[in-house]
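Chain by chain, the residues run as shown.
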Amino acid sequence: MTALAIIGCGFVADLYMASLAKHANLSVVRVFDRDPARLSAFAAHWRLDKADTLDGLLAGLPKGCIILNLTNPHAHYEVSKACLAAGFHVYSEKPLAMDLDQARDLHALAARQGVLLASAPCSVLGEAAQVLAGAVRDGVAGRPRLVYAELDDGFIPQAPYEDWRSASGAPWPYGDEFRVGCTLEHAGYYLTWLVAMFGPVVRVVAASAELVEAKPGGGGASDFSVAVLFFADGVVARLTCSIIAPHDHRIRVIGDKGVLAVRRAWDNAAKVRFHRRLRLRRRLIDLPVGRRIRPRGATHPKVARTGAAAMNFALGPAEMAASLAEGRPCRLSADFALHLTEVTLAIQNSGDHSDAQVMTTSCEKPEAMSWLA
Ligand SMILES: NC(=O)c1ccc[n+]([C@@H]2O[C@H](COP(=O)([O-])OP(=O)(O)OC[C@H]3O[C@@H](n4cnc5c(N)ncnc54)[C@H](O)[C@@H]3O)[C@@H](O)[C@H]2O)c1
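Residue indices begin from 1 for each chain and proceed along its sequence in written order. pLDDT decides what is reported in this predicted model: residues at 70 or higher carry local features, side-chain atom pairs at 80 or more are listed and counted, and totals for whole chains, interfaces and linings draw on all residues regardless. Neither water nor hydrogens contribute to the side-chain values; these are computed over all heavy atoms in the structure.

Participant: What should I look at first to understand helix α1 (residues 11-20) in this one?
Facilitator: A turn of α-helix holds 3.6 residues, and therefore any two residues three or four places apart point the same way. Residue burial is assigned from relative accessible area. The probe radius is 1.4 Å, only protein chains are included, and a residue is buried under 20% of its type maximum, exposed over 50%, and partly exposed in between. By the criteria applied, helices consist of DSSP H or I runs no shorter than four residues and strands consist of E runs no shorter than two, each listed in order from the N terminus. Counting buried residues along α1, 7 of its 10 residues qualify, which places the element largely inside the surrounding structure. Those residues of α1 that are buried lie in contact with β1 (2-7), β2 (26-32), α2 (36-46), β3 (66-69) and β4 (89-92). Residue contacts follow a heavy-atom distance rule, with two residues in contact if any of their heavy atoms lie within 4.5 Å.

Participant: It is not clear to me how the site of the ligand should be interpreted in this structure. Could you clarify?
Facilitator: We call a residue near a given molecule or strand whenever any one of its heavy atoms falls within 4 Å of it. Not every one of the 26 residues close to the ligand is listed here, only the nearest: Phe11, Val12, Asp33, Asn72 and Glu185. Between the ligand and Asp33 there is a distance of 2.6 Å, counted from an oxygen atom to a side-chain nitrogen or oxygen. Here a nitrogen atom of the ligand and a backbone polar atom of Arg34 are 3.2 Å apart. Calculation of accessible area relied on Shrake-Rupley with a 1.4 Å probe; when residues are assessed, cover is drawn exclusively from the protein chains displayed. Burial of the ligand by the surrounding chains reaches 89%, relative to a free accessible area of 830 Å². If you list the elements that add at least two residues to the shell around the ligand, you get α1, α4 (76-85) and α8 (182-198). Where each domain begins and ends follows an automated or database-derived domain assignment. There are two domains that each give the shell around the ligand at least three residues, and those are domain 1 (2-119) and domain 2 (123-301 + 333-372). Polar contacts, as used here, are pairs of N or O atoms within 3.5 Å; protein pairs need one atom able to donate a hydrogen and one able to accept it. Residues neighboring in sequence count only if both atoms are side-chain atoms.

Participant: I'm lost on the sheet that holds β3 in this one. Help?
Facilitator: Two strands in a sheet stick together by hydrogen bonds in their backbones, pointing the same way (parallel) or opposite ways (antiparallel). Strands were regarded as paired on the criterion that DSSP finds at least two bridges between them. If you trace the 5 strands from one edge of the open sheet to the other, you get β2-β1-β3-β4-β5, paired in parallel fashion. A single partner strand is all that each edge strand has here, and the edge strands are β2 and β5 (117-119). Strand-to-strand, the axes of this sheet are offset by a mean angle of 25 degrees, without reference to chain direction. Taken together, the 4 bridges between β1 and β3 define a ladder with parallel strand orientation. Note that in β3 the partner of Ala5 across the bridge is Ile67. Along the sheet face, α1 touches β1, β2, β3 and β4 and points at about 160 degrees away from the line of β2. To get an axis, a line is fitted to the C-alpha atoms, and for a helix only the part in contact is used. The angle between two axes follows their N-to-C directions and goes from 0 to 180 degrees. Packing of helix α9 (residues 315-326) onto the sheet brings it into contact with β1, β2, β3, β4 and β5, and relative to β4 it is tilted by some 155 degrees.

Put into C-alpha cells, the structure is as follows:
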C-alpha cells in the first residue's frame, strides 16, 4: 500500500478521488486546503482525515508518501517546493510551475533530495495514447511525417460554466482557468503523447493571442495558440489550443502509408484507427473508415465520464508508486516534466512576434507500459 496526501481539495481533486478508488494499492492518508470550508466539504464527502495547516500535514505524513499537488497553477511552485524540501515525492498538476526558472528550481531540489517529481497530465500512460504510440513504433502508418493535434474546446467564454460543480460541490474555477490560459492548462494533454512518440522538442515556432478580452473573473492570458514543433526524431507537429474554435480534440499522425487517428484526447478508451492511403484510378484518398487498432489484452482501470473527461487521473500517481516499489525509473520523470514545461511556456508566451525558440531542456521518451507488450 502506498500512502498519498492531497493538497488542494477543489474541482479536480474530486476527479482524482474517483480515479484513486480504482487503485486498491493507493491510499489517501490526509488532505489539506488553505480554504477551510472547501477542506471540510471535501474531507466530509470522501471521509478523509484533514490537516489544518500545510506544516501540520507535512509533519504527520509517513516516509515515502507521494503528495499530490492539486492547487491552482500559481500556487504549484511554493507548494511543491515545501513538499520536496520536507523529503516527499511530488506529483503536481500541470503546469509544474508558471515560469521556467521555478520549474528548474523544483527539478534541482527533487534531485538533491533524492525524491520523485512528476507532473500531470498522465493520459500518456493511458490506453489510447499507448496504443497510438505502439502503432507508430510498429510502423503501421509507415514513416510518420507530420502530426496535427487539436485541443480546441469550443467557445468556453459563452458556456454555462457557472453551473459546473464537482462531486463534493467545488465550482469550476473559471476565473483561474481564464487567467492561466488554455495553453498552460491543456497543451500538455497532447505534448506528452507527442514526446512519448517522437522524443524531445528541439525548436518551437509559435504564436498566441487573447481573442476575447475581459472574461469574467479574469483575463490577460492567451485563449488561442498554435505551434509548430520540431522533434528530435525529425517529425513536425502542429499543436493548437483554444477555448474559441469549435470543439475538436483529434490527433492525426500522418505517415507514408496513411493516417493514425484518435478523436478524443480526454478519453483513455478512445479508439485508435488507421486510415490506409490508396490510389483509386486517378485519385489519392485516405480511407474515411479506419481499421481499429486494439490493445492486445487488459490495460488499466477506466473511470466513467465526468463532465468533459473520461480519464483515470490516478495513472500518474500509480506509476510513481510502482516505480518506487520496483526500484526502477518512473516513466513520468522529472526531466519529462521540466521539458513539457519549457515547451508549453514557449507556446504560451509566444504572442504575435516570436522567432523560433530553441529548447534548452530534453528528456527520454517514457517507456511503453508493460501491458502493451
Ligand atoms: N478543473 C478541471 O477540470 C481540471 C482538470 C484537470 C486538471 N486541472 C488542474 O488541477 C489544478 C487545480 O484545478 P482545480 O480546477 O481543482 O482548481 P480549484 O480552484 O477548484 O481547486 C484548487 C484548490 O487549491 C486550493 N489552494 C490554492 N492554493 C493553495 C495553497 N497554497 N495551499 C493549499 N491549498 C491551496 C484552493 O483553495 C482550491 O480549493 C490546476 O493545476 C488545474 O490545471 C483542473
